[in-house]
Amino acid sequence: MNIEQKRKIEGFIALAFSSLAAFIGLFWLVFILGDVIIHGIGALNISLFLNDPAPAGVEGGGLRHAFVGQLMITLCATLIGVPVGVLGGTFLAEYAKRTRFAKIISVLSDIIVSVPSIVVGTFIYALLVRPLGHFSGWAGAVALSVIMIPVVLRTTEDMLSMVPWTLREAAFALGAPYYKVIIQVVYRGAATGILTGILLSIARVAGETAPLLFTSFNNNFFSWDMNRPIASLTATIFQYAMGPYESWHRQAWAAAFVITLFILALTILGRLVLKWRYKQ
Amino acid sequence: MTPAIELEVKNLNFYYNGDIHALRDISLPIYKNNVTALIGPSGCGKTTLLRCFNRMHDLYPNHLYEGEIIFEEKNILVRDVDLISLRSRIGMVFQKPTPFPMTIAENIAYGLKLKGIKNKSELIDRIERALKHAALWTEVRDKLNASAYELSGGQQQRLVIARALAVEPDIILFDEPTSALDPISTAKIEELLGNLKKEVTIIIVTHNMQQAARVANMTGFLYMGELIEYGATEKIFTNPDKKQTDDYITGRFG
């Protein structure tokens with residue numbers, strides 16, 4: 001066998017292995033998504049969104065309480081996490097640029113991004129649930145925002161660093177103070193990138209269950225009260241999927257379908273925003 | 001008659017990164033309503049000198065000015081100078097066009113708003129005047145609300161010049177303003193510089209000696225952080241006093 005044939009065979013083997021690996025990964029992804037879609041679409045109905053749960057074991061009812069609770073928790077988490085993340089990222093990229101402190105915070109943020117979310121849940125449990133003596137929607141929102149902050153912070157930092165320095169110098173040269181340079185010029189240049197990071201971070205936390213089990217817990221009744229345990233889709237899916245009733249299982253599938261769709265929509269929107277930026 | 005002095009550099013030394021001695025004992029007058037060119041090989045300190053005039057070095061740590069730059073009878077190198085008002089009096093145009101990520105009109109309005117001009121009709125008026133001034137008006141009058149990034153490189157550079165002009169500065173500093181542009185855009189900007197000197201004093205750093213010869217009244221030649229020779233452009237290019245200047249302009253080095 002000459003050397004060219006050998007190379008061809010090696011190339012073929014490499015291609016075969018990597019294709020196989022990609023196929024294995026994709027297979028499970030398609031399988032899971034397909035399963036959620038098949039079971040979910042069939043179980044979808046308008047009552048799911050309009051009604052609160054029927055008594056256990058009784059047919060009918062819906063998950064309005066969980067949709068509302070999920071939206072409340074996610075919204076509050078976003079309201080806490082986005083300002084902290086964006087301002088923190090601004091500090092690192094602008095004011096603390098090239099300092100050891102900024103590097104340490106960046107690295108720590110990257111580590112926190114990969115910390116198991118249940119650890120965040122127990123942390124908030126110790127901080128906000130135990131001392132107050134009860135689970136609450138706020139604790140859930142804070143737990144999710146803790147997961148969001150490092151994502152938003154790092155994206156903001158990266159996006160701001162991508163804005164060329166000459167642009168800042170040009171604004172300084174017109175007599176702008178630094179905070180105006182940041183708000184009026186740098187943020188504008190980085191806006192779509194930061195927005196994408198925010199959308200992706202919302203998508204990231206919207207599907208979390210573990211940190212909510214220790215914080216907002218769950219609630220079988222409709223509630224707006226963020227000071228009390230509040231329902232969330234993810235915790236409800238967990239509860240219903242484990243439950244003994246066929247009607248619960250169907251609703252869990254429907255809820256899983258809706259939340260998957262929501263996250264998919266956010267992710268696609270995030271990517272569209274990014275694409276739109278590069279077209280400019 | 002000698003024209004009035006706009007800016008006077010006296011025994012200027014400049015250090016950055018703690019101990020790099022970038023400018024050595026530089027003294028020169030900059031005349032009002034003149035175009036003054038600073039030429040010299042790469043690393044000679046011409047851009048460093050230019051950036052002293054609007055204290056751009058202050059954005060970075062570990063710099064030190066020694067000596068004086070007198071502007072309106074005050075030394076602008078002292079610590080308590082208000083950099084915001086200094087920079088609105090002494091504008092700057094950079095090597096690469098630096099339009100802000102905004103519309104064409106907003107770009108011009110930016111400096112005006114910094115100055116506290118909020119009146120809408122005055123803003124519109126001054127945007128138009130600045131664009132006409134920078135010979136860009138006829139090209140952009142129909143798309144003032146388009147993104148500044150839609151313009152060509154040469155148009156962007158004239159937009160940036162218009163933005164600098166809009167705040168009505170006394171001096172505009174140009175840091176190799178045409179080195180990123182094609183010959184036609186370059187010619188337009190050179191023509192513009194000639195017209196602008198009626199109203200503003202211009203200091204331009206350029207790599208291109210022909211450009212200095214075409215646009216400048218006065219030329220300073222820098223080498224290794226020192227001002228080797230400074231005088232009327234014609235004299236510098238035809239009959240310089242120093243051998244180093246002669247060697248540089250005849251292309252023997254740099």
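About the cut-offs
Residues numbered from 1 in each chain as written. Chains lettered and ligands numbered in written order. Predicted model: local features only at pLDDT ≥ 70, side-chain atom pairs only at ≥ 80, totals over all residues. Helix = DSSP H or I, 4+ residues; strand = E, 2+ residues; numbered from the N terminus. Rg over C-alpha atoms; globule rule 2.2 N^0.38 Å. Buried ≥ 20, exposed ≤ 12 C-beta atoms within 10 Å, placed from the backbone. Contact = placed C-beta atoms within 7 Å. Pairing = 2+ DSSP bridges. Axes fitted to C-alpha atoms, helices over the stretch in contact; angles between N-to-C directions. Nonpolar A, V, L, I, M, F, W, Y, C, P; charged D, E, K, R; others polar. Core = buried A, V, L, I, M, F, W, Y, C linked by C-beta atoms within 7 Å. Parallel < 35°, antiparallel > 145°, perpendicular 65-115°, else oblique. Left-handed = near helix turned anticlockwise from the far one by under 90°.

Visitor: Any details on the overall build of chain B? Residues and values, ideally.
Guide: A tally of regular secondary structure across chain B gives ten helices and ten strands. For 254 residues, the compact-globule formula gives about 18 Å, and the C-alpha radius of gyration of chain B, at 18 Å, lands near that figure. Along the longest, intermediate and shortest principal axes, the C-alpha atoms of chain B span 55 × 40 × 40 Å. Put simply, chain B has 254 residues, and 46% of those count as buried. Counting only contacts in chain B whose residues sit at least 6 apart along the sequence, the fraction spanning at least 24 positions is 69%.

Visitor: Mind laying out the sheet that holds strand β7 (residues 171-175) of chain B, listing which residues take part and the relevant values?
Guide: All names here are of chain B. Spatial ordering of the open sheet is given by β6-β7-β8-β3-β9-β10, a layout of six strands whose pairing is mixed. The open sheet terminates on both sides in strands that have one partner only, identified here as β6 (90-93) and β10 (226-232). Geometrically, the sheet is characterised by an average inter-axis angle of 15° between neighbouring strands, direction not taken into account. Two strands pair when backbone bridges link them, and β7 and strand β8 (residues 201-205) are joined in this way by five bridges, in the parallel orientation. Paired with I172 across the two strands is I202, which belongs to β8. Sheet contacts for helix α1 (residues 46-53): β3 (35-39), β6, β7, β8 and β9 (218-223); angle to β8, the most-contacted strand, approximately 150°.

Visitor: I'd like to hear about the interface of chain B and chain A, residue by residue, with values.
Guide: Interfaces are frequently sized by the accessible area removed from exposure as the parts join. Residue-level contacts link 21 residues of chain B with 15 residues of chain A. Of all the secondary structure elements, the ones that give two or more residues to the side of chain B that touches chain A are α2 (83-89), β6 and α3 (104-114) of chain B. Of the residues forming the side of chain B that touches chain A, the biggest block, four residues, is contributed by α2(B). Looking at the side of chain B that touches chain A residue by residue, the classes come out as twelve nonpolar, seven polar and two charged.

Visitor: I'd like to hear about the nonpolar core, residue by residue, with values.
Guide: Counting 145 residues, the largest nonpolar core has A:I124, A:A171, A:A255, B:I69, B:A162, B:I202 and B:I204 as the members making the most contacts within it. Among residues more than four places away in sequence, those in contact with B:I204 are B:V35, B:A37, B:F174, B:P177, B:V215 and B:A216.

Visitor: Could you give an account of the sheet that holds strand β1 (residues 5-16) of chain B, with specific residues and numbers?
Guide: Residue and element names in this part refer to chain B. With respect to topology, four strands assemble into an open sheet ordered β2-β1-β4-β5, the strand pairing being antiparallel. Only two strands of the sheet have a single partner each, and these edge strands are β2 (20-31) and β5 (74-75). Relative to β5, strand β4 (residues 63-71) is paired through two bridges, and the arrangement is antiparallel. If you follow I70 over to β5, its bridge partner there is N75.

Visitor: Give me the pairing of β4(B): which residues, what numbers.
Guide: Residue and element names in this part refer to chain B. Pairing geometry for β1 and β4, over eight bridges, is antiparallel. Paired with V9 across the strands is I69, a residue of β4. Between β4 and the antiparallel strand that follows it, β5, lie two residues; E72 among them carries a positive phi value of about 55°.

Visitor: Pulling in residues and values, what's your account of the pairing of β2(B)?
Guide: Residues and elements named next belong to chain B. In this sheet, β2 lies alongside β1 in antiparallel orientation, the contact comprising eight bridges. In the strand pairing of β2, F14 is matched with L23. If you look at the hairpin formed by β1 and β2, you'll find three residues sitting between the two strands, and N17 has a positive phi there, around 50°.

Visitor: Go over unusual backbone geometry, please, and point to the residues and values.
Guide: In this structure, A:F217 takes a positive phi of about 55° despite not being glycine. As for its placement among the helices and strands, A:F217 is situated in the loop between α9 (210-213) and α10 (233-242). Of the residues examined, A:F217 has 21 C-beta atoms within 10 Å and is grouped as buried. A positive phi angle is found at B:E168, which is not glycine, with a value near 55°.

Visitor: Residue-level account of the packing of helix α3 (residues 64-95) of chain A against helix α8 (residues 178-206) of chain A, with values.
Guide: Residue and element names in this part refer to chain A. Contact geometry of α3 with α8 gives a least axis separation of 10 Å together with a crossing angle of 135°. Looking at the two axes, α3 sits oblique to α8. The crossing of α3 and α8 is right-handed. For the pair α3 and α8, contact is made by T74, A77, T78, G81, V82, V86, T90 and E94 and by I182, I194, I198, S201, I202, V205 and A206, respectively.

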